[in-house]
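Architecture and fold: a report
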Amino acid sequence: MPDFELEKSLDCIVAGVDEAGRGPWAGPVVAGAVVIADKNLCSELLDGLDDSKKISSKKREVLYEKLREEEKLGKIYIGIGQASAEEIDKYNILQATFLAMRRATENLKIKPEFAIVDGNQTPKNFPCPTKTVVKGDARCMSIAAASIAAKVYRDHLMADLAQKYPYYAFEKNAGYGTKAHIEGLKQHGITPEHRKSYRPIQEILQKS
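Fair warning: this is a prediction, and the values are worked out from it, not measured in the lab. Just so you know, the residues in each chain are numbered from 1, in the order the chain's sequence is written. Reporting in this predicted model follows two pLDDT cut-offs: at least 70 for local features of residues, and 80 or more for side-chain atom pairs to be given and counted; totals over whole chains, interfaces and linings ignore these cut-offs and use all residues. Excluded from the side-chain calculations are hydrogens and water; all other atoms, namely the structure's heavy atoms, are used.

What follows covers helix α8 (residues 179-188). Each turn of an α-helix holds 3.6 residues, which means side chains three or four residues apart point in the same direction. Exposure categories follow from relative accessible area, calculated using a 1.4 Å probe and restricted to protein chains: below 20% of the type maximum is buried, above 50% is exposed, and the middle band is partly exposed. Going along the chain from the N terminus, every DSSP run of H or I of four or more residues is numbered as a helix, and every run of E of two or more is numbered as a strand. Residues His181, Gly184 and Leu185 constitute the buried set of α8. Relative to the axis of α8, the buried residues are bounded by an arc of 100° and lie together on one face. Turned more than 90 degrees away from the buried face of α8 sit Lys179, Lys186 and Gln187, all of them exposed. Note on contacts: a residue pair qualifies if any of its non-hydrogen atoms lie within 4.5 Å across the two residues. Residues of α8 that are buried make contact with α7 (170-173) and α9 (199-207). By definition, the arc is the one covered by directions from the helix axis to the C-beta atoms.

What follows concerns the environment of isoleucine 80. Looking at the element boundaries, isoleucine 80 is found in strand β3 (residues 76-83). Between the C-alpha atoms of isoleucine 80 and alanine 174, which are 94 residues apart in sequence, the distance is 17 Å. When sequence neighbours within four positions are dropped, the list of residues in contact with isoleucine 80 reads Val30, Ala31, Gly32, Arg68, Arg103, Ala104, Asn107, Ala149, Ala150 and Tyr153.

What follows covers unusual backbone geometry. Glycine aside, residues mostly have negative phi angles, and peptide bonds mostly take the trans form. In this structure, aspartate 11 takes a positive phi of about 55° despite not being glycine. Its location among the elements puts aspartate 11 in the loop between α1 (5-10) and β1 (14-20). Residues other than glycine seldom take positive phi values, yet asparagine 125 does so here, at roughly 50°. Along the chain, asparagine 125 falls in the loop between β4 (114-118) and β5 (130-133).

Counted as salt bridges are all cases of a side-chain nitrogen of Lys or Arg within 4 Å of a carboxyl oxygen of Asp or Glu. Applying the stated rule across the entire model yields eleven salt bridges. The salt bridge involving lysine 53 is made with aspartate 137; its shortest N-O contact spans 3.8 Å. Of the two residues, lysine 53 is situated in the loop between α2 (43-48) and α3 (57-72) and aspartate 137 in the loop between β5 and α6 (141-164); the sequence distance between them amounts to 84 residues. Among the residues examined, lysine 53 registers a relative accessible area of 66% and is labelled exposed.

The subject of this paragraph is the nonpolar core. To qualify as a nonpolar core, a set must consist of buried Ala, Val, Leu, Ile, Met, Phe, Trp, Tyr and Cys residues joined through side-chain atoms within 4.5 Å. Counting 31 residues, the largest nonpolar core has Val17, Val29 and Phe170 as its most contacted members. For this core, the secondary structure elements donating two or more residues are β1, β2 (29-36), α5 (93-106), β4 and α6. Per-element tally for this core: the top contributor is α5, with six residues. In this view, phenylalanine 170 contacts Ala26, Met158, Leu161, Ala162, Tyr165, Gly175, His181 and His194; residues no more than four positions away in its chain are not counted.

Aromatic rings from Phe, Tyr and Trp, with only the six-membered ring used for Trp, were paired whenever their centres fell within 6.5 Å, and each pair was classed as stacked if the ring planes differed by under 30 degrees, edge-to-face if by over 60, and tilted otherwise. By the definition in use, this model includes one aromatic pair. Here the aromatic rings of tyrosine 168 and phenylalanine 170 are separated by 5.4 Å at their centres, their planes lie at 20°, and the arrangement is stacked. There is no split in this pair, since tyrosine 168 and phenylalanine 170 are both buried. Think of it as a cone above the ring: NZ of Lys or CZ of Arg counts as a charge over the ring if it is within 6 Å of the ring centre and within 35 degrees of the ring normal. When the ring centre of phenylalanine 4 is taken as origin, the NZ or CZ atom of lysine 39, which lies over that ring, is 5.6 Å away.

Our next topic: the pairing of β2. With eight of eight residues buried, β2 is to be regarded as a mostly interior element. Residue alternation in β2 divides its side chains into two sets, Val29, Ala31, Ala33 and Val35 and Val30, Gly32, Val34 and Ile36, and both sets are buried. For two strands to count as paired, DSSP must find a minimum of two bridges between them. Bridge count between β1 and β2: six bridges; the pairing is antiparallel. By the bridge assignment, aspartate 18 is partnered in β2 with glycine 32. Here eight bridges tie β2 to β3, and the two strands are oriented antiparallel to one another. Of the residues in β3, the one forming a bridge with alanine 33 is glycine 79.

Distances and angles like these do not, on their own, reveal function.
If you want it as structure tokens, here you go:
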């Protein structure tokens, strides 16, 4: 379970940063940046925050609402940033992820003095010094909170895109290459939200 050990050891304003959506074939990559200003959070967050991939969709939604409630109380600051499918194709997914992370951090209402970033890749051109933390969303509360914020925000975004592009089951697969998504691609082709640099999409483009 994540804790505040790393945040306390840094002894400054620390943002946890994580992303969601590097693997899907469609939609933006989204990053969350979270500063926990008051560590006396509600019990649901203290006991429930963890790597978003380990948590059910229903529980993620509850935790996201709790994060937003604590944000209104001034205990937490949340920044969201994204990079579009077009930017992913232009820069590649890693550089687009860094871009989303930078935007998320810049969108915080408080300026962090340090950022702890999930994974082992150091983001470029960041607005503050950074440290990478492997499996950070399972170790650090700030990163775990950022993981939930990014994942749920992106899921909502993909559900909205499903209204615009109803044939790909984005509301269920969040842009991943499921059977329903593949069927939609076969019957209706690609949308502007599809990542043309990804091999499955390239193969469809070559056949069309």
